[in-house]
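Residue-level structure breakdown
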Amino acid sequence: MQTNQEATDLIKFWEGFRSAKYHCSAGVVTWGYGSTRDMSGRRLVMDNDTITKDEAEALLRKELRAFERRLDGMLKVELNPNQYGACVSFCYNLGSNAFKSSTLRRKINRSNFEGAKKEFKRWVYCRGVRLNGLISRRRDEATLFASAASATPTD
């Protein structure tokens, strides 16, 4: 499945765009729309390189495809496009391994979608600190997860 436009827009909103490299709240070198790698897949290092908005959008699309492949291998049930997109956003922000070991994934794979929706709110800590931005992002992901499906994929 492909990430739909609602989920892509959600990711872009919460990640924001930055042309210069910076350290995210987890201390990881990041740029563009929250990317931690360059177009060749190498981890970023802090230097003066910058990325254009067009390059960042291309990198985001590439990274979303990689997260979709990983996510597809972890899901045992069919999701609607918004449920899927919410899971992609979660993985994009926290990493696939967090999703793989989560109760969120286990509830989804048991088709306990109401229970899964509630699991998003548990993932609001960074380095042991509860962050308002993560509280709001998880709320938006849970809302997307529970909303009527839109089938509009990104390009």
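In what follows, the structure referred to is the one given above.
The text that follows walks through the structure, step by step, so that each part is easy to find. (Residues numbered from 1 in each chain as written. Predicted model: local features only at pLDDT ≥ 70, side-chain atom pairs only at ≥ 80, totals over all residues. Heavy atoms only, no water.)

**Let's talk about the pattern of salt bridges**
For clarity, the threshold we go by: Any carboxyl oxygen of Asp or Glu within 4 Å of a side-chain nitrogen of Lys or Arg constitutes a salt bridge here. Counting from the N terminus, the helices are DSSP H or I runs at least four residues long and the strands are E runs at least two residues long. Exposure is judged per residue with a 1.4 Å probe applied to protein chains only, and the accessible area is read against the type maximum: over 50% gives exposed, under 20% gives buried, and values in between give partly exposed.
All chains considered together, the criterion is met by eleven salt bridges. As a salt-bridge pair, Lys-107 and Glu-119 come within 3.1 Å of each other at their nearest N and O atoms. Here Glu-119 lies in helix 6 (residues 113-119) and Lys-107 lies in helix 5 (residues 103-109), a separation of twelve residues in the sequence. A residue is classified by how much of its surface remains accessible, and Lys-107, at 21% relative accessible area, is partly exposed. Judged by relative accessible area, Glu-119 falls into the buried class, the value being 7%.

**What about the layout of surface pockets?**
The condition that has to hold: A pocket here means an open set of points on a 1 Å grid, computed over the protein atoms alone, that has protein on both sides within 12 Å along at least five of seven lines. A cavity is instead a set of points where a 1.4 Å probe fits but cannot get out; residues with an atom within 4 Å of a point line either one. Grid points are joined across faces, edges and corners, and a volume is the space filled by probe spheres set on the points. Amino acid classes used here: Ala, Val, Leu, Ile, Met, Phe, Trp, Tyr, Cys and Pro are nonpolar; Asp, Glu, Lys and Arg are charged; the rest, including Gly, are polar.
Taken as a whole, the largest pocket holds about 970 Å³ of empty space. In this structure, the largest pocket is lined by 35 residues; those nearest its centre are Glu-15, Cys-24, Gly-34, Tyr-92 and Asn-93. Listing elements by their share of the lining of the largest pocket, those giving two or more residues are helix 1 (5-15), strand 1 (18-23), helix 2 (53-74), helix 3 (81-94), strand 3 (125-126) and helix 7 (132-146). No other element matches helix 2, which puts seven residues into the lining of the largest pocket. Here the residues of the lining of the largest pocket sort into 15 nonpolar, ten polar and ten charged.

**A word on the nonpolar core**
As a reminder, the rule being used: Residue types Ala, Val, Leu, Ile, Met, Phe, Trp, Tyr and Cys, when buried and joined through side-chain atoms within 4.5 Å, form a set referred to as a nonpolar core. Contacts were defined at the residue level, with two residues in contact if any of their heavy atoms lie within 4.5 Å.
Counting 32 residues, the largest nonpolar core has Leu-71, Phe-99 and Ile-108 as the members making the most contacts within it. Excluding its chain neighbours within four sequence positions, the residues that come into contact with Ile-108 are Leu-75, Val-77, Leu-79, Cys-87, Phe-99, Phe-113, Ala-116 and Phe-145.

**A look at the packing of helix 3 against helix 7**
Where we set the bar: Note on definitions: angles span 0 to 180 degrees between N-to-C directions of axes, and those axes are lines fitted to C-alpha atoms, for helices only across the stretch in contact. Roughly parallel means an angle under 35 degrees; roughly antiparallel, over 145; roughly perpendicular, 65 to 115; everything else is oblique.
At a minimum axis distance of 7 Å, the contact between helix 3 and helix 7 shows a crossing angle of 155 degrees. As judged from the angle between their axes, helix 3 and helix 7 are roughly antiparallel. Facing Asn-82, Gln-83, Gly-85, Ala-86, Cys-87, Ser-89, Phe-90, Tyr-92, Asn-93 and Leu-94 of helix 3, the residues of helix 7 in contact are Leu-134, Arg-137, Arg-138, Glu-141, Leu-144 and Phe-145. Of the residues in the contact of helix 3 with helix 7, the class split is eight nonpolar, five polar and three charged.

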